[in-house]
Amino acid sequence: MEAGVFHPVIAAAAFSFMTLGATAAFRFGSISNRLNMWGLIAALWLHYVLGGSDGLICGLGGCLMALALLLPAYAVGLFAGGDLKFAAATGAFVGWRLLCVGLAGGLFLGLLCGLGLLLFHGPAVGSCRRLVAELSSALTADGPPRLHLVPSRLHAFPYAVVLALGLSGALAAELLL
């Protein structure tokens, strides 16, 4: 697709997909693999139909960029697999440029929400104390450090919600400016 041009059909599908994914993450604590798979297929198909091979390359670039940026965070347990797949499918809708801007905005919103939880929510304060204890014991123990940073499902944070907000903001700015 031509730089600076974003097809309104792809934008509408992207907004719909992000709304569905964020709602599922917020209500149920996870995003189904089917939703992510069909979102990815729809994004790549729309890009190919509306933009030809250049559109398909744009969609694949966004998907691969999301995987490249978030796979390390998933590997250490900071993101759940559904959030990673959601970001990859959304990247296929918006392309790699908007994905980078939207992820930065979404991660910043996640930081603000996380800080709010740490300051005002009791169990989050306990989680922070456990993290500090894990880090200090890992640094003082003999042998290689062992960290258990994967959060429990009880205190899991729905990152897809803030990622969708950041990506929606980036997409809206692209359409309006």
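Refer to the preceding data block for the structure.
Just so it is clear, the model here is predicted, and its values are computed rather than measured.

K.L.:
Got a minute to help me understand the overall build of the protein chain in this structure?
P.N.:
Of regular secondary structure, the protein chain possesses 5 helices and 0 strands. Walking the protein chain from its N terminus toward its C terminus, one meets helices and strands in the order α-α-α-α-α.

K.L.:
Sorry if this is basic, but what is going on with the nonpolar core here?
P.N.:
One broad rule of soluble globular proteins: the nonpolar side chains tend to lie buried together. Grouped together as the largest cluster of nonpolar side chains are 34 residues, with contacts concentrated most on M18, F86, F93, V94 and L171. Among the elements of the structure, α1 (8-28), α2 (33-75), α3 (81-120) and α5 (159-176) are those that each provide at least two residues to this core. Once you skip the residues sitting within four places of it in the chain, L171 turns out to touch F6, A11, A14, F15, M18, V94 and L98.

K.L.:
Just checking my understanding: could you explain the packing of aromatic side chains for this structure?
P.N.:
The description of an aromatic ring pair uses the distance of the two centres, along with the angle that the planes make with each other. In the structure shown here, the tally under the stated rule is 3 aromatic pairs. An angle of 25° between the planes, with centres 5.3 Å apart, marks the rings of F17 and F86 as stacked. Of this pair, F17 sits in helix α1 while F86 is found in helix α3, placing the two residues 69 residues apart along the sequence. The class for F17 is buried, based on a relative accessible area of 5%. Residue class for F86 comes out buried when judged on its relative accessible area of 0%. Seen in terms of ring centroids, F17 and F93 are 5.5 Å apart; in terms of plane orientation they differ by 35°. Their pairing is tilted. Taken together, the residues span a long stretch of sequence, with F17 in helix α1 and F93 in helix α3 at a distance of 76 residues. Taken together, the aromatic side chains of F17, F86 and F93 make up a single cluster linked through ring pairs.

K.L.:
Sorry if this is basic, but what is going on with α5 here?
P.N.:
One turn of the α-helix equals 3.6 residues, which is why residues spaced by three or four share an orientation. With 18 residues, α5 should cover 26 Å at 1.5 Å per step; its first-to-last C-alpha distance of 26 Å lies within 8% of that length. Residues of α5 that are buried: A160, V162, L163, A164, G166, L167, A170 and L171. Residues of α5 that are buried in the fold lie against α1 and α3.

K.L.:
Would you mind showing me how to read the side chain of N36 here?
P.N.:
With respect to the helices, strands and loops of the structure, N36 is situated in helix α2. In contact with N36, not counting residues within four places along its chain, are F17, I31, G82, K85, F86 and A89.

K.L.:
When you look at the packing of α2 against α3 in this model, what are you seeing that I'm missing?
P.N.:
Any two packed helices are characterised by how steeply their axes cross, that is the angle between the axes, and by the distance between the axes. At a closest axis distance of 5 Å, the pairing of α2 and α3 adopts a crossing angle of 120°. The handedness of the crossing between α2 and α3 comes out as right-handed. For the contact of α2 with α3, a count of residues per class yields 25 nonpolar, 11 polar and 1 charged.

K.L.:
Any chance you could explain the side chain of T90 here in plain terms?
P.N.:
Counting through the fold element by element, T90 comes out in helix α3. Those residues in contact with T90 that lie beyond four places of it in its chain are F17, M18 and L167.

K.L.:
Please explain the environment of G110 as it appears in this structure.
P.N.:
Here G110 lies in helix α3. Sequence spacing of G110 and P158 is 48 residues, and the spatial spacing of their C-alpha atoms is 9.1 Å.

Rules used in this analysis
Residues numbered from 1 in each chain as written. Predicted model: local features only at pLDDT ≥ 70, side-chain atom pairs only at ≥ 80, totals over all residues. Heavy atoms only, no water. Helix = DSSP H or I, 4+ residues; strand = E, 2+ residues; numbered from the N terminus. Core = buried A, V, L, I, M, F, W, Y, C linked by side-chain atoms within 4.5 Å. Buried < 20%, exposed > 50% of the residue type's maximum accessible area, 1.4 Å probe, protein only. Contact = heavy atoms within 4.5 Å. Phe/Tyr/Trp six-rings, centres within 6.5 Å; stacked < 30°, edge-to-face > 60°. Expected span 1.5 Å × (residues − 1). Axes fitted to C-alpha atoms, helices over the stretch in contact; angles between N-to-C directions. Left-handed = near helix turned anticlockwise from the far one by under 90°. Nonpolar A, V, L, I, M, F, W, Y, C, P; charged D, E, K, R; others polar.

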